[in-house]
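# Structure assessment
Here is how the chains run, residue by residue.
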2 protein chains.
Amino acid sequence: MKRILTYFSLIALVLLVACQQEKPATNNSGFPKLILQKSAVPMMIDGLAKYPLLKTSFEDAKVIADKGIENGIIVPFPKDPGGGYTHEKHKQNYIEMYNAGLIYQLTNDEKYAAFVRDMLNEYAKLYPTLSLHPLQKNQAPGKLFWQGLNESMWLVYTIQAYDCIFEYLSAEERANIEDNLFKKVVEFFTVEDKYSFDRVHNHGTWACAGVGMTGIVLGDSLMIKEALYSTKLDGSGGFLAQIDELFSPDGYYAEGPYYQRFAMLPFIVFAQAIENNMPEMKIFEYKNGVLLKAVTSLLQLTNSDGKFYPINDVIKEKSWLTPELVFGTNIVYAQTEDASLLDVVEEKGQVMLSAQGLAVAKAIAEGKTKSFVRKSIIIRDGSNGKDGGLALLRLGEPENQTSLLFKFSSQGMGHGHFDRLGINLFDKGNEILPDYGAARFLNVEAKEGGRYLSENKTWANQTIAHNTLVIDEQSDFNGILKASEESSPKLVFADLESPQIQVVSATDEKCYKGASLNRTLALLQLDGSTYVIDLFNVKNTNTGQYDLPIYFNGQIINTNFDYTRLNQYKVLGKDNGYQHLIVDAKAKDLPSTTSLTWMNGNGFYTASTLSAFNTEFFIIRLGANDPNYNLRKQMGMLYRFPKSSNKKLLTVYEMHGFYNSVTEAVSQSEGSVKTLKITEGNAEQVCIQITLKNNKTINLLYDLKFANSNHNEILVNGELLNWEGNYKLFIKEI
Amino acid sequence: MKRILTYFSLIALVLLVACQQEKPATNNSGFPKLILQKSAVPMMIDGLAKYPLLKTSFEDAKVIADKGIENGIIVPFPKDPGGGYTHEKHKQNYIEMYNAGLIYQLTNDEKYAAFVRDMLNEYAKLYPTLSLHPLQKNQAPGKLFWQGLNESMWLVYTIQAYDCIFEYLSAEERANIEDNLFKKVVEFFTVEDKYSFDRVHNHGTWACAGVGMTGIVLGDSLMIKEALYSTKLDGSGGFLAQIDELFSPDGYYAEGPYYQRFAMLPFIVFAQAIENNMPEMKIFEYKNGVLLKAVTSLLQLTNSDGKFYPINDVIKEKSWLTPELVFGTNIVYAQTEDASLLDVVEEKGQVMLSAQGLAVAKAIAEGKTKSFVRKSIIIRDGSNGKDGGLALLRLGEPENQTSLLFKFSSQGMGHGHFDRLGINLFDKGNEILPDYGAARFLNVEAKEGGRYLSENKTWANQTIAHNTLVIDEQSDFNGILKASEESSPKLVFADLESPQIQVVSATDEKCYKGASLNRTLALLQLDGSTYVIDLFNVKNTNTGQYDLPIYFNGQIINTNFDYTRLNQYKVLGKDNGYQHLIVDAKAKDLPSTTSLTWMNGNGFYTASTLSAFNTEFFIIRLGANDPNYNLRKQMGMLYRFPKSSNKKLLTVYEMHGFYNSVTEAVSQSEGSVKTLKITEGNAEQVCIQITLKNNKTINLLYDLKFANSNHNEILVNGELLNWEGNYKLFIKEI
C-alpha cells in the first residue's frame, strides 16, 4: 500500500500546528494524564464502593501489583528468546509496573509508587548499556526483547506506569528516568529502528503509540509529531497514516480479526491518550469515526460463541474475551454509549481502571446492558473500501444462530490465506464448514518454539485448505503473495434486507489466470430447515479441472450414492497443500444430485451437489506428509469436475433436525433435498431448482450479470418466467 | 444370576401377608393415591404461588397437556417400528395423558380429565382387539408397541393418569376402562408375556412397576403380589427379587450407569407408590436402603460435566440432566433431605408434580441447596457386593476435577463390555483416556434404524477397544458372554483416605486362561502435576504377547523417541476388534522410558511407559473395515510387549500445564517424567521409581501380595527400604 499524506491526516496536521505550543494543549492539569486522568481519580475511588465490576477489576489489578512487590525488583540482562526467562521477566515487569501505577493512584499507598520508581531506576541503569538483543531473530530486533514489537509493548504499558507516579517523583528522579530510559527507548524507535517505526503495519502502530504517549507525558512535541506523522513528519507513516491505510471505512483491518484484536490495543489506547490531551484533534471522529467502527466490526466478526471467525492466520480458540478488547469496548462505550458493548464487558467481567471503565461499570450496575446482536452485514475492505470485503449472513436465535461468512477481501498481507471467495459456515455454536486457521501451537515450546509451523505455508495458506474452488490443483496466484496483493475480488451484489432470503455475490478476475470466478450465495429458511444455496459461475478462457473441497466436522451419517473406502494409502496430490491430503474413500458414476449427511453436536447437515456421471468424489482427510503430527485431524469431501472451460457449480448446504442429548429424541435426521437443477437462459439468467422430498420446489432466479435489469426472463420447463432485478425466489408447492 | 427367595424378600413377604386385606392397607384415602396423592393437592396448589421451580414444572406440564388437547384423540392401530408413526403416537399419548392427569388435579379444570377419559375409552376399544404387534422384532413384542418394554412404559405412565381422574369417572366408566384396558394389559404381562415379567432384568422391572401400580389403583392384591413376587408368587422374580439381585449393596446396577439411569425410573416410582400405599413395607429401607443408595451412586458415576461415565454400552452425551433423574432425585430427597441432591435438581430446572417435588422446590426456594461433591469411592458390584466393583479416584477443584475410573466389576449382562480392569481418565471436564462407549447412533434412522450397530459387537465390546491389557490379541473370555458372567475380578486393596495418595488394586484370575492379572493404580499430586501410576502385574502359566492400548483425545505434541508415520495402509490385526484399527505410525528400538505428550482442551498430558528395546510402539486409529463410517474417529497408542510369561507393565499418566485460551499463555507444556524404573524384592515387594526432570524422585513401594504385612523390605540401589502395610510413598529430593 502507498504511504501518502492523506486528506484526513493533512487536516489533522494543520490543526495540530495551529494549536501547537511548547507543551501540547491539554484539558486536564497534572498527572496522570494519559488514560487514567488525575481529575477522574476521586470519582473512581467513589465508584469502587458502588460498582461491582470496577471493584473486582481493581482487586484483580491489586493482586498483580502486590505480587510484583512481593517478588521484588529484578531487571535481568536480556538474553532469552520468547518464552525464555529474561523475555518473560521483562513482560511481567511492565504488567506489574502498569498495575502498580494504577493501584497507587487509587489507594494513594506509596509502596506501589516506590515499586514502580525502583523498577524504572533499574531500567534507567540497564537500558543505556544495551545494544541489540543477542538473539536478533529477525529484521526488527529490540534491546530488551528479541523482537522490537515486544519493546513497543513494554513502552506502551511502562509509560502509563510512569505517568501514574510522575507527581510522586522528585525532579531529579524524573530527569534520570526520562533521560536515561524513556528518551533512549524513543531514540531506539525513531532513530535506530526507524524502518519499523515508519512502517504502515501493526508493529509500527505499537511503536507510534509508545512514542506518542511518551511524548505526551514528557511534554515533547517532536515525539508526538513523529508518532503521528512518521519520523519524516510528512504523514507518509505514523499513527494517522496507519489509521488511513490499515482500516477500511467499515473498520476492517486487512489482516483479519485475529490480528485486528491484537492491533486494536495501541490504536484505541493511543487514541484515548490523544483525546485526553489533544481533544482538538477529534481523533475519534477521524476518518468518519473509523476507530470506533473498528471495534464494533471486530465484535461482529465473531461466531455466536464469541470466537473470532477463523480466517487467515488465526489461533482458533481466541474469543472476544481477549484482554485487548477490555480497552476497545470500554473506550468505545465512553464515546458512543452503545449499550450492547456492555454485554461483551459483562461476559468478560473486567473494566479499565479509568474514567472509561468507570462509565462502563456504572452503566452495567444501572442495568443499562443491551444484548449484543450479530447482524447480517457487509464489511468493506481496503483503505477506500474498494478492496472487496466480507459478507456475514445470519439467521436465527442469537445462541443458535446460523452464520455464513463469505470472504472476498484483499489478501491481508503476510498473514493472509489464498482463499479467494471462500466460505465458512457456523450453526448452533459450532463450525460446520470449517476453516483450518493457522498451523501453529502458539507458545507450545515443543512445536517449533510455538512459532508458525512449516505446515502453515505448505497447508494452511493454500487454496485447497479452504472451502473454495481450486483450478488445476494450483493455489490462487500460484501462492505468490506479491501477486495476490495487487488485486482484490469485487462485491457484485448484496441484498441482506429481505426477511425471506439473503443474497450476496462477488467476483474475482485475477486469482486464476484467464479465469473469472463468481460466487453467489443465498441463505434462506423453509419448514424448519436452513439452506445455503451456493453457485460458482466460472468463465475460463482455458479449460481447467475444478476441485471443490467441502470440509466438515462431525460424523458421516449417510449418502445417497455408493462409495468405497480405500484400503490403500493414497495421497491426493503432490503440491500446493494436496500433498497433505489422504484419499479415504472415493466414488464414481455419481447420481446427478449427490448428497452427504453428517452430524455435528446437536444438528444434522447435508451437502447436496449437482454432479455428473464423470464427476469424481473423494472423502479426504488431513495427515499426509506430516511426520510430526503437526496437523490437526480434518475431514472433508472433494468434488472433482473434469476439464472444462465455463462451468457452473451448484451446492446446497442444509441445516436440519435436532438431536436432543437430554431426552435422546431425534428429529429430521434426513436432508430434504431430492434433486438440484440449473436451467440457463439466453442472457446469463439462471434458474436454480431445488426439489424437496416433499415435492415442494425452491426456485431461485438470478441475473448473473447482476445488472439490476428491470426485465429478466428465462424459459424453464416450457414456462417463461419474468422478474425484475438481480434475483427472485419463489417456492412452488405441488 | 440365580433367582432366589432372599432373606430380605422373605421378610417383606411375611410382612405383606401379615397385614394383607382384600384391599391393600393405605394411609391415604381417595384418589389419586399412587405418586401425587389427594392429600398433597391443596399444598401443591399453595406451593405453585411460592416456589418458582414448582411453578415452571407445572407450566411445562400444562404446555404438554394443552398441546395434547389441541391435537385431539388419535389412537392408531399399531403398525410401525420404533421411530415410526404409530409407535411415536402411542408414546406421545401416554405422556400427554400423564401430564393432563396431573394438570387436572392441580387446576380442577375438567377438560383435562375429559381428555384422559376419552383417550382411555379409545384404548379400551382398541386393546381387546389386538394380538401381538405385527413387527415382532424380538422375543418380547408388545401389542401397542413392537417391544413389550414400551408397553410397560405406557402402563407406568397411563395408570398414573387414570389414578388422577379416577374420582372424575362414573362407576360404569371405570368398569369399562378397567375391564377392557388395564386388566387386559396386565393379563398380557402376567400371562402372555410371563417370561419377561418374571425375568430379573430391567424389562421385568418396568413390567412389574406397571402391573403393581395398576394393582394399587384397581385395589387388586393379586396384581400387587405378582408384581412384588413374580407370577409364581414365590419371590423367584418380581420387584423385590429385582432389587435384591440387580443392585449391589452400594446401589450399583450391573449394566452400568447408562442403563441404571433408565432402570431407576420404575424402581423409584413403584417404590414411592408402595411407600404411599403400603408404608408398612418400608420399601425405602429394604436391603439397607439400597434404592436410595442407587440414586446417589448413579450421581457419583458422572464426570464433572454431569455426563455418565461411558462404561459398557452407553451413548456418551447422556448426562444427569436425563428426565429419569427428576424422579430419582426428588423421591430420594423427600426420604433423606440430602441437600446436595438439590444442586442436581437446580441444574435440571424441573421437579415432580407431587409432594416430593413440592418438598424439593420449597427447599431450593429456601436456599438449602448444597454443592454436590464427587468423592473418591469404591462402589461394589454384585447382589452381595462380592462381584468386584468400580473405584473412583478423584482430586482437585470440582469443576476441573481429575477423576480416574477403574472398572473391576462383573460383566454387566448383555450390555457389558469385555474390559476387565479397564480405566478411564477425565480432567478439566474432558475425557483424557476415553472409553469408546457404544457403537450406536440412537434414534438416527439412517444408522441401522438407530439400533446397536454391528460394530458394537465387532469393536466396542472387544477388549482392545478399552484401556486395558490384551493377551495374544484375544478378548477377555474370548468374547463369550456366558463365560464372562461366571466370575468377576476382586478388589484386593484400596486406600482412598490419604490426602497424599489414593491407591486401589484389583485382580482378575479368569479372563485369560492360565493367567492372573493384577492392576494397581495410584493417584497423587506433586508440584502442580497430577500423576496416575499404573502397574499391571501379570502372572501367566503360558507365554503371551501383551498389548497395552492407551486411547487419547487431542493432538500429539511430542515424544521422547523417534517414530515413523506409515505411508502404507496397514490394519493392526484380523479379529477381536483389531480388524478395525489402522497402524498410523510405528517405532522400534525404544528408550527404556518412552513418553508421548498430547494436548486436550486447556491441558497437557503425558503417558510414560517402561519399555524395552524389543517393545513395539504403534500409533493407531480407528476406521478399518468400516465401510459406512459407522465408527467415530479415535486415536490411541499401543505398546506391544513380546512374548513372555510373568510381566510387570508400568505406565505413568501425567496431567500438567495449562493453555489459557484467553491470554494465550502456556505453562508446563512439557511432561516432568525423566525415567521410570521398577525394582523387585524377594517376596513380591516392588519399588517404583519415577525420576523427574528436576531430579526429584517419586518412590512408591508396594507389597504386591497385599497381605497388609507389618514388615516389608526391598533392596533398592543398595539401600534396604522397610515399610509397614501394603504401600508406602516417599518423595526424594536430590
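## Overview of the pairing of strand β9 (residues 515–526) of chain A
Residues and elements named next belong to chain A.
- Counting buried positions over the 12 residues of β9 gives 11, a clear majority of the element.
- As defined by bridge partners, strand β8 (residues 501–508) adjoins β9 across 8 bridges and the pair is classed as antiparallel. The residue of β9 that forms the bridge with aspartate 508 is leucine 517.
- The hairpin turn running from β8 into β9, its antiparallel successor, is 6 residues long, and glycine 514 in that turn takes a positive phi close to 85°.

## Focus: the confidence of the model for chain A
Residue and element names in this part refer to chain A.
- For chain A, the mean per-residue pLDDT works out to 94, and 96% of the residues sit at or above 70.
- Counting contacts from residues 14–27, a segment whose pLDDT is below 50, to residues more than four positions away or on other chains yields 24 contacts.
- Across the predicted assembly, pTM comes out at 0.93 and ipTM at 0.92.

## Observations concerning the pattern of salt bridges
- By the definition in use, this model includes 72 salt bridges over all chains.
- Two residues, lysine 143 of chain A and glutamate 192 of chain A, come together in a salt bridge whose shortest N-O distance is 3.1 Å. Note that lysine 143 of chain A is positioned in the loop between α5 (110–126) and α6 (148–165) and glutamate 192 of chain A in helix α7 (residues 171–192), a separation of 49 residues in sequence.
- On the basis of relative accessibility, which here comes to 9%, the residue lysine 143 of chain A falls in the buried class.
- With a shortest N-O distance of 2.8 Å, lysine 316 of chain A and glutamate 431 of chain A are connected by a salt bridge. Remark: glutamate 431 of chain A occurs in strand β5 (residues 430–433) and lysine 316 of chain A occurs in the loop between α13 (286–300) and α14 (324–336); sequence separation between them is 115 residues.
- Note on lysine 316 of chain A: relative accessible area 19%, which makes it buried.
- Of the residues examined, glutamate 431 of chain A reaches a relative accessible area of 14% and is grouped as buried.
- Here the salt bridges do not stand alone but share partners, grouping Arg565, Asp584 and Arg621 of chain A together with Asp626 of chain B into one network.

## Examining the pairing of strand β11 (residues 544–552) of chain A
Residue and element names in this part refer to chain A.
- Here β11 lies mainly inside the structure; 9 of its 9 residues are buried.
- Every second residue of β11 is oriented toward a common face, with Gly544, Tyr546, Leu548, Ile550 and Phe552 on one face and Gln545, Asp547, Pro549 and Tyr551 on the other, all of them buried.
- Alignment of strand β6 (residues 470–471) against β11, held across 2 bridges, turns out to be antiparallel. Considered in β11, the bridge of valine 470 is made with aspartate 547.
- Pairing between β11 and strand β18 (residues 635–644): 8 bridges, direction antiparallel. Across the sheet, residue glycine 544 finds its bridge partner in β18, namely serine 644.

## Here we look at the interface of chain B and chain A
- Listed as interface residues are 51 residues of chain B and, on the opposing side, 51 residues of chain A.
- Contact between chain B and chain A buries roughly 3900 Å² in total, counting both sides, with carbon and sulfur atoms accounting for 54%.
- For the pair chain B and chain A, the interface holds 4 salt bridges.
- Across the pair arginine 565 of chain A and aspartate 626 of chain B runs a salt bridge whose closest N-O atoms are separated by 3.2 Å.
- The tally of links from chain B across to chain A stands at 23 residue pairs in polar contact (both at pLDDT 80 or more).
- Looking at the side of chain B that touches chain A, the elements with two or more residues in it are α12 (257–277), β12 (555–559), β14 (581–587) and β17 (616–622) of chain B.
- Considering every element that reaches the side of chain B that touches chain A, the biggest residue donor is β12 of chain B, with 4 residues.
- Its residues placed into classes, the side of chain B that touches chain A shows 25 nonpolar, 13 polar and 13 charged.

## Thoughts on the nonpolar core
- Core analysis: the biggest nonpolar cluster contains 207 residues, and Trp154, Tyr162, Ile268, Phe270, Ile283, Trp459 and Leu517 of chain A have the highest contact counts within it.
- Core analysis: the second largest hydrophobic core is formed by 206 residues, Ala113, Leu169, Ala207 and Phe284 of chain B among them.

## A few points about the sheet that holds strand β5 (residues 430–433) of chain B
Residues and elements named next belong to chain B.
- Spatial strand order, β1-β2-β3-β4-β5: 5 strands in an open sheet with antiparallel pairing. Looking at the sheet topology across the chains shown, the edges are occupied by β1 (377–380) and β5. The mean angle between the axes of side-by-side strands here comes to 20°, regardless of whether they run parallel or antiparallel.

## Focus: the environment of valine 185 of chain B
All names here are of chain B.
- Mapped onto the elements of the fold, valine 185 is located in helix α7 (residues 171–192).
- A relative accessible area of 0% means that valine 185 is categorised as buried.
- For the pair formed by valine 185 and valine 211, sequence separation is 26 residues and the distance between their alpha carbons is 8.5 Å.
- Residues in contact with valine 185, not counting those within four places in the same chain, are Tyr127, Trp154 and Leu155.

## Quick notes on the relation of the copies chain B and chain A
- Note on the copies: chain B fits chain A at an RMSD of 0.1 Å, the axial shift is 0.0 Å, and the rotation between them is 180°. As the rotation angle and translation indicate, the two copies are arranged about a two-fold axis. Closest approach to the rotation axis within chain B is made by the C-alpha atom of tyrosine 569 of chain B, at a distance of 2.5 Å.
- When the interface residues of chain B are mapped onto chain A, 100% of them again fall at the interface, so both copies present the same face.

What counts as what
- Residues numbered from 1 in each chain as written.
- Chains lettered and ligands numbered in written order.
- Predicted model: local features only at pLDDT ≥ 70, side-chain atom pairs only at ≥ 80, totals over all residues.
- Heavy atoms only, no water.
- Buried < 20%, exposed > 50% of the residue type's maximum accessible area, 1.4 Å probe, protein only.
- Helix = DSSP H or I, 4+ residues; strand = E, 2+ residues; numbered from the N terminus.
- Pairing = 2+ DSSP bridges.
- pLDDT = per-residue confidence, 0-100.
- Contact = heavy atoms within 4.5 Å.
- Salt bridge = Lys/Arg side-chain N within 4 Å of Asp/Glu carboxyl O.
- Buried area = accessible area lost by both parts, 1.4 Å probe.
- Polar contact = N/O pair within 3.5 Å; in protein donor to acceptor, adjacent residues only side chain to side chain.
- Nonpolar A, V, L, I, M, F, W, Y, C, P; charged D, E, K, R; others polar.
- Core = buried A, V, L, I, M, F, W, Y, C linked by side-chain atoms within 4.5 Å.
- Axes fitted to C-alpha atoms, helices over the stretch in contact; angles between N-to-C directions.
- Least-squares fit on C-alpha atoms with pLDDT ≥ 70 in both.

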